[in-house]
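In case you want the letters, here they are:
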Amino acid sequence: MLKNLINLLFPNLCNGCHSLLLENETLICAKCRHELPLTQHHLNPNNYIAAKFYGVLPIEFCSAMLYFHKDGIVQNLIHQLKYKNKPEIGTLLGKWYAKELHKVAANQNFSAIIPVPLHQKKLKERGYNQVTSFCEALSQELHIELNDQLLIRTSYSKSQTKKNKADRAIVQEALFEAVFTASDHGKHFLLVDDVITSGATLEACGKALLKIPNATISILTIAYTDS
């Protein structure tokens with residue numbers, strides 16, 4: 001009776017479509033899971049992200065798990081993860097995608113997973129980095145070190161979602177710094193973010209990491225959008 005009362009007062013809703021979850025469903029309903037737009041980027045080295053960074057940033061491997069469409073399931077999931085403090089969504093997606101990435105991880109021999117950092121002020125305001133739980137799940141499932149101290153954001157800036165690509169690139173310039181030691185030389189870093197749009201943030205992060213002698217980088221995101 002108590003469980004039924006709790007479910008009545010606080011219904012367990014799908015984070016993708018907001019419909020009521022069934023007893024055997026967790027976080028995302030079966031319908032949304034089936035309809036999630038998987039990119040299969042990890043199977044295609046000449047994917048959209050590779051094209052975006054071609055001639056701009058040397059990348060060993062790049063992939064996004066999902067396509068991001070306006071008002072779609074993925075936008076709802078990212079919104080819940082980023083603004084509603086639901087790290088369990090990142091954990092679910094990270095464990096799911098890790099199953100697809102085992103062969104890639106073995107071939108690429110990643111040294112460490114590097115989440116795109118928030119500035120300390122933004123981290124204090126929000127209370128968490130939305131990409132952390134996704135990175136933690138990848139780290140645990142793929143047995144790759146998670147290093148959230150190597151890359152830091154040195155300047156605070158407001159949301160960039162309404163800026164065009166050129167404006168974002170200017171704002172991002174010199175916002176990130178790699179704090180490294182000799183033990184980081186020659187490593188292959190997997191740089192991870194939630195959504196890639198213009199690519200300016202990841203470009204700035206990548207350039208900071210490539211200041212480490214003989215370092216190489218790969219890029220992975222939860223979602224990809226052209227908008």
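Basis of the calculations
Residues numbered from 1 in each chain as written. Predicted model: local features only at pLDDT ≥ 70, side-chain atom pairs only at ≥ 80, totals over all residues. Heavy atoms only, no water. Buried < 20%, exposed > 50% of the residue type's maximum accessible area, 1.4 Å probe, protein only. Helix = DSSP H or I, 4+ residues; strand = E, 2+ residues; numbered from the N terminus. Contact = heavy atoms within 4.5 Å. 1 Å grid on protein atoms, 1.4 Å probe; cavity = no way out; pocket = protein on both sides within 12 Å on 5 of 7 lines; lining within 4 Å. Points joined across faces, edges and corners; volume = space filled by probe spheres on them. Nonpolar A, V, L, I, M, F, W, Y, C, P; charged D, E, K, R; others polar. Core = buried A, V, L, I, M, F, W, Y, C linked by side-chain atoms within 4.5 Å.

(A) Spotlight on helix H7 (residues 132–142). Along H7, the positions that sit buried rather than exposed are Ser133, Phe134, Cys135, Ala137, Leu138, Ser139 and Leu142. Those residues of H7 that are buried are in contact with helix H4 (73–83), helix H5 (87–108), strand S2 (112–115), strand S3 (145–146), strand S6 (188–196) and strand S7 (216–224). Within two residues after H7, His143 carries a phi angle of roughly 60 degrees, on the positive side.

(B) Structural detail: empty space enclosed by the protein. All chains considered together, the criterion is met by one cavity of 30 Å³ or more. Of the volumes computed, that of the largest cavity is approximately 30 Å³. Around the largest cavity, the lining residues are Phe61, Leu101, Val104, Ala105, Phe110, Leu142, Leu190 and Leu220. With three residues, the top contributor of residues to the lining of the largest cavity is H5. Split into classes, the residues belonging to the lining of the largest cavity amount to eight nonpolar, no polar and no charged.

(C) Local environment of the side chain of Gln80. Relative to the assigned elements, Gln80 resides in helix H4. Judged by its relative accessible area of 12%, Gln80 falls in the buried class. Look past the residues within four positions of Gln80 in its chain and what remains in contact with it is Asn15, His18, Asn85, Lys86 and Ile89.

(D) Region of interest: the nonpolar core. Residues Leu66, Phe134, Leu138, Val192 and Leu220 are the most contacted members of the largest nonpolar core, which totals 37 residues. Those elements that provide at least two residues to this core are strand S1 (62–67), H4, H5, H7, S6 and S7. A per-element tally of this core places H5 first, with seven residues. Sequence-distant contacts of Val192, that is, excluding residues within four places in its chain, are made with Ile113, Ile114, Pro115, Val116, Val131, Phe134, Cys135 and Leu220. Formed by 26 residues, the second largest nonpolar core is a distinct cluster that contains Cys62, Leu202, Ala215 and Ile217.

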